[in-house]
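Here are the chains, one letter per residue:
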Amino acid sequence: MDEWECMDSIVKSCIYTTLSPSLLQMSLKKKSNAYGLWTQLEKLFRSNAESWAMQLDAELRSITMGKLFVSAYYTKILTIADTLDNLDAEVPEKNLIIYTVKGLAPKFGYIQSQIRHSKPLPSFTDTQAMLLVEE
């Protein structure tokens, strides 16, 4: 085995260790290289990107804080928003603020009302700061 084949095997092994068992079974092919494996995985995920984006968008629109702390709630929202951005379905900051405020726990009723009636709306970061102070 030459140096290139050795490095290629290492990269493939790294990719394989991150895959779920079902995805791994779909990806195992003889005589494939790391580039071919990566390209195959990219095609698989890109083909499902639209339906995944719709699912994540629906999740974001209906997100609720529940018993989460503000920081965990914001992390949850940002994770979904960043994933949507990676799927070329960017969420405008105004929408992030609206979804965030809409899903707040009842104990944030007063600050929720303040944010809703602010003109202009505070930024997403400022909204987070306001909620952290209230927490």
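Everything quoted here is computed from the prediction, not taken from an experiment.

Asks: Explanation requested: a negative patch on the surface in the structure shown.
Replies: Where like charges cluster on the molecular surface, the negative patch consists of Glu50, Asp82, Asp85, Asp88 and Glu90. Note that Asp88 resides in the loop between α5 (70-86) and α6 (93-102). Given the relative accessible area of 70%, Asp88 is considered exposed.

Asks: Looking at this structure, I do not really get the nonpolar core. What am I missing?
Replies: A general feature of soluble globular proteins is that nonpolar side chains tend to end up buried together. The biggest cluster of nonpolar side chains holds 26 residues, and the ones touching the most others in it are Leu60, Phe108 and Leu131. Sorting the residues of this core by element identifies α4 (49-61), α5, α6, α7 (109-116) and α8 (124-134) as the ones contributing at least two each. Excluding anything up to four places from it in sequence, Leu60 contacts Ile77, Ile80, Leu84, Val91, Leu96 and Tyr99. Ile15, Tyr16, Leu23 and Leu37 belong to the second-largest nonpolar core, a separate cluster that totals six residues.

Asks: What's the story with the layout of surface pockets in this structure? I'm lost.
Replies: A probe as big as a water molecule, rolled over the atoms, marks out the empty space that is left. Quantified by volume, the largest pocket comes out at close to 300 Å³. Surrounding the largest pocket, 14 residues form its lining, Trp38, Leu41, Glu42, Phe45 and Arg46 being those nearest its centre. Listing elements by their share of the lining of the largest pocket, those giving two or more residues are α3 (34-47) and α5. Per-element accounting of the lining of the largest pocket gives the leading share, five residues, to α3.

Asks: I'm lost on the packing of α6 against α7 in this one. Help?
Replies: A packed helix pair is summarised by two numbers, namely the angle formed by the two axes and the spacing between the axes. For the pair α6 and α7, interaxial distance at closest approach is 10 Å and the crossing angle is 155°. When the axes of α6 and α7 are compared, the pair comes out roughly antiparallel. Regarding α6 and α7, the two cross each other, and that crossing is left-handed. The segment α6 lies against α7, with Ile97, Val101 and Lys102 engaging Gln112, Ile115 and Arg116. Residue composition of the contact of α6 with α7, by class: three nonpolar, one polar and two charged.

Asks: Any chance you could explain α5 here in plain terms?
Replies: Note that an α-helix has 3.6 residues per turn; residues three or four places apart therefore point the same way. Here α5 spans 24 Å end to end across 17 residues, near enough to the 24 Å set by a 1.5 Å rise per residue. Against α4, α6 and α8 lie the buried residues of α5. Count one or two residues on from α5 and you reach Asp88, which has phi positive near 60°.

Asks: Honestly, unusual backbone geometry in this entry has me stumped. Any pointers?
Replies: A cis amide bond links Lys119 to the next residue, Pro120, at an omega of -5°. Note on placement: Pro120 falls in the loop between α7 and α8. For Asp88, which is not a glycine, the phi torsion comes out positive at approximately 60°.

Asks: Just to check I follow, could you spell out the environment of Lys119 for this structure?
Replies: Mapped onto the elements of the fold, Lys119 is located in the loop between α7 and α8. The exposure class assigned to Lys119 is exposed, which follows from its relative accessible area of 79%. Note: C-alpha distance between Lys119 and Pro21 (98 residues apart in sequence) is 51 Å.

Reading the values: rules and limits
- Residues numbered from 1 in each chain as written.
- Predicted model: local features only at pLDDT ≥ 70, side-chain atom pairs only at ≥ 80, totals over all residues.
- Heavy atoms only, no water.
- Patch = residues over 30% accessible without salt bridge, like charges linked within 9 Å, V, L, I, M, F, W, Y side chains within 5 Å.
- Areas by Shrake-Rupley, 256 points an atom, 1.4 Å probe, with all protein chains shown as cover.
- Salt bridge = Lys/Arg side-chain N within 4 Å of Asp/Glu carboxyl O.
- Lys, Arg positive; Asp, Glu negative; His and termini not counted.
- Charge placed at Lys NZ, Arg CZ, Asp CG, Glu CD.
- Helix = DSSP H or I, 4+ residues; strand = E, 2+ residues; numbered from the N terminus.
- Buried < 20%, exposed > 50% of the residue type's maximum accessible area, 1.4 Å probe, protein only.
- Core = buried A, V, L, I, M, F, W, Y, C linked by side-chain atoms within 4.5 Å.
- Contact = heavy atoms within 4.5 Å.
- 1 Å grid on protein atoms, 1.4 Å probe; cavity = no way out; pocket = protein on both sides within 12 Å on 5 of 7 lines; lining within 4 Å.
- Points joined across faces, edges and corners; volume = space filled by probe spheres on them.
- Axes fitted to C-alpha atoms, helices over the stretch in contact; angles between N-to-C directions.
- Parallel < 35°, antiparallel > 145°, perpendicular 65-115°, else oblique.
- Left-handed = near helix turned anticlockwise from the far one by under 90°.
- Nonpolar A, V, L, I, M, F, W, Y, C, P; charged D, E, K, R; others polar.
- Expected span 1.5 Å × (residues − 1).

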